[in-house]
Amino acid sequence: MTWKKRFLRITHLLFAVLILIQFLPDRSTKEVFTGSLLVFAIAAEAVVIISSFFIKKEEGLSLLLDIAGFIYVFLIIWTLATAKFNILNDMLFPAPGKVIHQFAEDKEKILINIKSSVGIVLQGFLLAIIVAIPLGLFIGWNARLGNAASYITKFFSSIPPIVYIPYGIALLPTFRSVSVFVIFLATFWPVFAGTMSGVLGVDKKVIDSAKVLNVSKPEMLFSVILPASLQQIFLGCNQGLSVSFILLTSAEMIGARDGMGYYVKYYSDFGDYTRTITGLLVIGFVVIAVTFLFNKLQSYLLRWKR
Amino acid sequence: MSTNKIEIKNLTVNYTENKKSFNALHDVSFGVGKGEFVSVIGASGCGKSTLLSVLEGLYTPAGGRVEIDGKELHGTGTERGVVFQHYSLFPWMTTRNNIAFGIKQARRDIKKTERLKIADEFLHKVGLDGFGSKYPSQLSGGMQQRAAIARALAMNTEILLMDEPFSAIDAKNRVILQDLLLDLWEGDGFEQRKTVVFVTHDIDEAILLSDKIVVLTAHPGTVHEVVQVPFERPRRREDLIKTDEYGKFRNKLLSLLYNDIAERIGGEEVVL
């Protein structure tokens, strides 16, 4: 990449605009914490510039710069609409600096809530895939069971997992165990269905090729059928993962004492919309981060595909 | 005939497709001697691949039997290595791991480090040095078949079954692969040579490689004739195809194949 391509980007211009508009007079009646916004923006720009030195691929750099550019535009509009021109109701719409300030103030509390939410999702999710994948492999491989099982799976996966919550509450002692149970169900059926359809779709030539090698039954299931159906399994996992977060945050808003859904609901009940928006944005980042890591794992495990 | 490594006796195979059953092979009998390279040729649909599926143990015949070393064949077995036209290799394993996995299946006693060493050795033999950590999807069709051959040879089975291994390869690479297979097989020395059953529709390929050619006719597949290939080993393609005998022999095989076609369409003019 040339020097120009690396550093002469519109993103940096947007950064400059974002900084410059901070010097306009404030019209909001509330505190706007311009300092917090400046710290955040400069930190973001520093990350972008340092990364610009090191990122080797052009697409990767462009992606980073586009995302940064989008964030800057978002912050520019947000600043103008709140702090600078006070177009929106400043009770419901805090200035960006205020949200960033709030995040910094609450970061320990937020971290605890993130840990709680992500912990529950991971526990339910991992438990589900540990059970669903071997079971799907085994039942899918015994093809006669596979047909009946796919109808049964269709039935159970068509029940929205959220309706299990009341029954879960009757069944299990704590909020945490109910949440894990519901996420387990929400992940189990799509992963199980994905595994079975993966197994049933494995190319006969691949199976023949394994048969003539005389592979043992466990090897057939775990060294041949499992990798051959991995893509379908991941489809199910992705579905389970995204539903899990929706379910968990909903559940947390109903009956939890921690978690990100609880944080949002609790403070909006008090009319603290700065914290509400902080919570919303944090949930977005957490879900994106988990999905990103999971997609990395997926492309690593499927690296043999073209 | 008890000296034969593989004995095929009155083999009959019925195929069921869309609930209709038809006779794919009818009363097929021939033997393959130890260390013999036998090709099975015939027009498409003559059941030559079905015959190989039976030898692989993937298909159970309706009648007759296959014996290996005098014992009736049931299912797949570690004494047979197989190379298919497609998908012999597992796409999720690197070529080295594919070969090592094959070795593990055939010879359980060998340790992992040793298996990987043998895998590299055979990658070298087929000219794939430096491709051990590539996945099959990163290799050309010809290279994939090289790796498949390397795996079958590394498994060191007594019998090698090859189902049109080169027919999906472009003409230039096909020639290179045929020469490679010939070199590797002949290079084993007369005593250690593997018994090979090789299915093909390429007459020149069959002549170059085989000791004996089984010509099948279609509908149902039956043995039309078994022909000994009269050329000395070691063979070299360039020397072989120059001789008059080669042309004559080739014509003989062609007429065996196409007489059958002419008979079947009832003497109508054949446009080829």
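In this text, all values refer to a predicted model and were calculated from it rather than measured experimentally.

About the criteria used
Residues numbered from 1 in each chain as written. Chains lettered and ligands numbered in written order. Predicted model: local features only at pLDDT ≥ 70, side-chain atom pairs only at ≥ 80, totals over all residues. Helix = DSSP H or I, 4+ residues; strand = E, 2+ residues; numbered from the N terminus. Rg over C-alpha atoms; globule rule 2.2 N^0.38 Å. Buried ≥ 20, exposed ≤ 12 C-beta atoms within 10 Å, placed from the backbone. Contact = placed C-beta atoms within 7 Å. Pairing = 2+ DSSP bridges. Axes fitted to C-alpha atoms, helices over the stretch in contact; angles between N-to-C directions. Expected span 1.5 Å × (residues − 1). Bend = angle between axes of the 7 residues up to and from the residue.

Asks: Any chance you could explain the overall build of chain B here in plain terms?
Replies: Counting its secondary structure elements, chain B contains 9 helices and 10 strands. In terms of overall size, chain B behaves like a compact globule, its C-alpha atoms giving a radius of gyration of 19 Å where 272 residues would be expected to give roughly 19 Å. In terms of principal-axis extent, the alpha carbons of chain B reach across some 60 × 45 × 40 Å. Looking at the 272 residues of chain B, the share that counts as buried comes to 39%. Look at the contacts in chain B between residues 6 or more apart in sequence, and 70% of them connect residues 24 or more apart.

Asks: Explain the sheet that holds strand S7 (residues 159–163) of chain B here, please?
Replies: Residues and elements named next belong to chain B. Pairing in this open sheet of 6 strands is mixed, and the strands run S6-S7-S8-S3-S9-S10 from one edge to the other. A strand with exactly one partner marks an edge of an open sheet, and here the two such strands are strand S6 (80–83) and strand S10 (222–228). Neighbour-to-neighbour, the strand axes of the sheet open up by a mean angle of 15°, direction not taken into account. Pairing of strand S3 (residues 37–41) with strand S9 (residues 212–217) involves 4 bridges; the strand directions are parallel. Bridged to Val40 within S9 is Val214. Contacts from helix H4 (residues 141–154) reach S6 and S7 within the one sheet, and its direction differs from that of S6 by about 180°.

Asks: What am I meant to see in helix H5 (residues 96–141) of chain A here?
Replies: Each turn of an α-helix holds 3.6 residues, which means side chains three or four residues apart point in the same direction. The first and last C-alpha atoms of H5 of chain A sit only 55 Å apart over 46 residues, clearly below the 68 Å expected at 1.5 Å per residue. Residue Asp106 of chain A marks the point of greatest curvature in H5 of chain A, where the axis turns by about 70°.

None of this, on its own, says anything about what the molecule does.
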